[in-house]
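The lines below spell out each chain.
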Amino acid sequence: MSKLLSQNIESLAEFLAHALELEVESAERYRELADNMRVHNNPEVSELFRKLAHYGDTHAAEVEQRAAGFELPYISPWDFKWSCPEAPESPCMEDAHYMMTKCQALELALHNEIRGRDFYAQVANGSSDPAVREAAAEMAAEEDTHVNMLREWVAREACVTEKRPLDLDPPHMPE
Ligand code: ZN
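Model, not experiment: these values are computed from the prediction.

How each quantity is defined
Residues numbered from 1 in each chain as written. Predicted model: local features only at pLDDT ≥ 70, side-chain atom pairs only at ≥ 80, totals over all residues. Heavy atoms only, no water. Helix = DSSP H or I, 4+ residues; strand = E, 2+ residues; numbered from the N terminus. Contact = heavy atoms within 4.5 Å. Areas by Shrake-Rupley, 256 points an atom, 1.4 Å probe, with all protein chains shown as cover. Phe/Tyr/Trp six-rings, centres within 6.5 Å; stacked < 30°, edge-to-face > 60°. Buried < 20%, exposed > 50% of the residue type's maximum accessible area, 1.4 Å probe, protein only. Donors = N, O, S within 2.8 Å, 3.2 Å for Na, K, Ca; no water. Core = buried A, V, L, I, M, F, W, Y, C linked by side-chain atoms within 4.5 Å.

## Quick look at the overall build of the protein chain
Item 1. The helix and strand inventory of the protein chain stands at five helices and zero strands.
Item 2. The order of α-helices and β-strands along the protein chain, N terminus first, is α-α-α-α-α.
Item 3. For the protein chain, contacts bridging at least 24 residues in sequence account for 82% of all contacts bridging at least 6.
Item 4. When the accessible surface of the protein chain is totalled, it reaches about 9600 Å², and 52% of it is carbon and sulfur.

As structure tokens, then:
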């Protein structure tokens, strides 16, 4: 698994700041994907993404509750941006998602759930703070259920599992 953290997280406040960013962004991305799938007449997948957005919202709310009373440190946002399966730097969410197929959307979601899970697992394994380890392990376990949920969908939709990048050369949009 690729390393998603440059250094270990050693305080609960630092962990909560990371978790909050991750969950808020994930919920936003899922809402975008849900809208996109609805437009493309994939109501079931749209519904799945709404559900995953809701889990992100719920996580974010739990994290905020836990963070009450903490001064959360500033986290540089690039640490946990959603990424595209084959090309971390590609602008797939911004520029290409209007033409995303159902399988591409599911694979993108799966990829990012795995990253989320691995992020939490790495924090849980790397931290010397027992409170951080426990909170992160709990989140990792929940993300793992999302990973499995998406794996089932990818299988059910008979998506071609061979890695294929999203269209990385979308038509130019006027500035
Ligand atoms: Zn999740």
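Anyway, onward from the coordinates.
## A short note on the packing of aromatic side chains
Item 1. Taken as a whole and judged by the stated rule, the model has three aromatic pairs.
Item 2. Each ring, one from Phe119 and one from Tyr120, has its centre 5.5 Å from the other, and the planes form 65°; the classification is edge-to-face. Taken as a pair, Phe119 and Tyr120 share a single burial class, namely buried.
Item 3. Chaining the aromatic ring pairs together yields one cluster made of Phe15, Phe119 and Tyr120.

## Considerations on the coordination of the zinc ion
Item 1. For the zinc ion, the full set of protein donor atoms is Glu113 (OE), Glu143 (OE) and His146 (ND1), and the range of their distances to it is 2.0 to 2.2 Å.
Item 2. Spacing between the donor residues of the zinc ion along the chain follows E-x29-E-x2-H. Of this pair, Glu113 sits in helix α4 (residues 102-126) while Glu143 sits in helix α5 (residues 130-156), and the two are 30 residues apart along the sequence. By the burial criterion, Glu113 is buried, and Glu143 matches it.

## Here we look at the nonpolar core
Item 1. The biggest cluster of nonpolar side chains holds 23 residues, and the ones touching the most others in it are Tyr30, Leu33, Leu48, Phe49, Leu52, Leu106 and Leu150.
Item 2. Contributing elements (two or more residues each) for this core: α1 (12-39), α2 (43-67), α4 and α5.
Item 3. Of all the elements, α4 adds the most residues to this core, at six residues.
Item 4. Setting aside residues up to four positions removed in sequence, Leu106 forms contacts with Val45, Leu48, Phe49, Leu150, Trp153, Val154, Glu157 and Cys159.
Item 5. Grouped together as the second largest cluster of nonpolar side chains are 21 residues, Leu4, Val63, Val132 and Ala136 included.

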